[in-house]
Amino acid sequence: MSLSSVIDRSALVVCVGPGGVGKTTVSAALGLAAARAGRKTLVLTIDPARRLADALGLDGLDDTIRRVPLEVLGPENHGGSLSAAMVDTGASYDALIDRIAPDAETKARVLANRVYQAVSRSLSRSHAYIAMERLYEAVEHGGYDLVILDTPPARNALDILDAPGHLARFLDGRVVSWFIPSAEKPSGIGARLVAKGGQMAMGLLTKVTGETLLDEIVGFLTVFASMRDGFITRAQRAEEILHSDDTAFVLVSSASPSSADDAAWLRDDLLGRKVAVDAVIFNQSFVPVEPEAPHQLRVQLPTIDTDARVRAVEPAADAQTLAVARAMRALREHAAADNQRFQRIVDGLVNELPAQCRRVRAPRLDQEVRDLPGLDQLAQLLLRGDQPGYAGP
């Protein structure tokens with residue numbers, strides 16, 4: 001399946017990769033390409049790259065879903081649209097509680113609870129949990145043709161994949177039941193032992209944390225227990241979405257050795273989880289040698305007589321002109337040699353990927369992507385770079 005097919009046919013595209021390779025920008029470029037092809041698209045980023053807002057033509061990017069002004073690119077969007085949001089852990093959790101709390105009293109108790117405030121804003125895995133909740137809401141109820149999820153850099157991305165299962169197991173676990181008061185008297189030896197273990201845990205925590213904080217913990221878990229079934233159902237559905245045939249995983253890297261090493265770790269971990277990598281994008285992975293064809297990758301140049309070529313155009317060329325021509329030729333040869341070195345790094349990463357995985361290489365641009373036209377240029381280069389024999393002529 002080509003990169004164009006990935007964004008045309010998928011309901012969810014998950015972009016993973018090391019930090020510093022332009023993964024967030026690539027995610028936005030894929031979203032723009034989908035929108036220009038007529039799809040209603042949402043880019044949901046977890047990596048707080050502030051300059052992404054500028055590239056999308058937005059004043060800012062936060063938990064609120066904002067429409068990207070595609071009209072600045074002209075009318076050729078074929079009915080598509082692009083929106084974007086950045087997961088803000090605290091704001092996203094509060095919005096979630098607002099949606100799912102059964103009544104105003106429960107909502108107020110959760111939002112005021114000190115344990116909830118600490119968990120929802122401080123714990124590292126909280127970010128992964130709420131990202132899955134936002135993903136679930138966008139895919140199931142957002143009305144989008146395509147959601148593109150831009151994950152945190154490298155290994156933190158896998159927290160996102162694990163979050164639904166971790167959350168479901170935690171809420172369904174015995175430890176939670178220890179702290180939730182029950183009106184029923186336990187029966188049977190096993191049940192009495194569990195109850196006894198809960199009493200011991202409560203006693204120990206009272207000594208360690210104090211009664212006030214323990215009351216907050218019990219209150220937090222008690223309120224959440226009333227919403228447990230809903231959390232578990234959504235977590236299970238989020239896990240199904242991640243493993244659906246309509247979900248594609250795109251690995252983004254560069255051609256630097258350190259980035260390729262991190263990308264290889266991600267590749268192996270995804271394959272070990274039986275998660276197919278549908279495409280790998282090497283961003284800024286070669287230097288354009290032909291100014292008129294920046295999408296073309298060249299790893300060597302044909303042998304020519306530079307002086308003869310110049311004199312064929314300008315028979316009266318002086319020594320200075322010939323020197324400039326030789327210097328320009330040397331720069332192009334140096335760029336081609338760099339590309340050949342980058343090629344070896346790229347080959348080392350893709351050799352372990354399935355043959356059907358698309359290999360896409362994007363060139364180094366003259367400047368960073370800072371606005372929508374620049375993002376549109378990158379989107380076009382990505383689609384043009386998706387071709388058999390990705391090394392180019």
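Here, every reference points to the structure presented above.
Residues numbered from 1 in each chain as written. Predicted model: local features only at pLDDT ≥ 70, side-chain atom pairs only at ≥ 80, totals over all residues. Heavy atoms only, no water.

(A) Quick look at helix α14 (residues 306-313). For α14, the full list of buried residues reads T306, D307 and V310. Each buried residue of α14 lies within a common arc of 100° when the element is viewed along its axis, so the set occupies one face. Residues of α14 that are buried make contact with α15 (319-350). The backbone nitrogen of D307 lies 3.2 Å from a side-chain oxygen of the residue at the head of α14, namely D305. (Buried < 20%, exposed > 50% of the residue type's maximum accessible area, 1.4 Å probe, protein only. Helix = DSSP H or I, 4+ residues; strand = E, 2+ residues; numbered from the N terminus. Arc of directions from axis to C-beta. Contact = heavy atoms within 4.5 Å. Polar contact = N/O pair within 3.5 Å; in protein donor to acceptor, adjacent residues only side chain to side chain.)

(B) View of the pattern of salt bridges. One pass over the full model with this rule turns up 13 salt bridges. In this structure, K23 engages D150 in a salt bridge whose closest nitrogen and oxygen atoms are separated by 2.7 Å. On the criterion of sequence distance, the pair formed by K23 in helix α2 (residues 23-36) and D150 in strand β5 (residues 146-150) is long-range, its members being 127 residues apart. Each member of the pair, K23 together with D150, is buried. Its salt-bridge partner being K107, residue D98 comes within 2.6 Å of it at the nearest N-O pair. (Salt bridge = Lys/Arg side-chain N within 4 Å of Asp/Glu carboxyl O.)

(C) Layout of the sheet that holds strand β1 (residues 12-16). Judged by pairing direction, the sheet is mixed, and its eight strands sit side by side in the order β3-β4-β2-β5-β1-β6-β7-β8 without closing on themselves. Strand pairing shows two members of the sheet lacking a second neighbour, β3 (66-67) and β8 (358-363), which therefore form its edges. Bridge count between β1 and β5: four bridges; the pairing is parallel. What sits directly across from V13, in β5, is I148. Here helix α13 (residues 257-272) sits on the sheet and contacts β1 and β6 (247-253); the angle it forms with β6, its principal contact strand, is near 160°. Running at roughly 165° to strand β7 (residues 279-286), α15 makes contact with β6, β7 and β8 of the sheet. (Pairing = 2+ DSSP bridges. Axes fitted to C-alpha atoms, helices over the stretch in contact; angles between N-to-C directions.)

Fair warning: the whole summary comes from geometry, so function is off the table for now.
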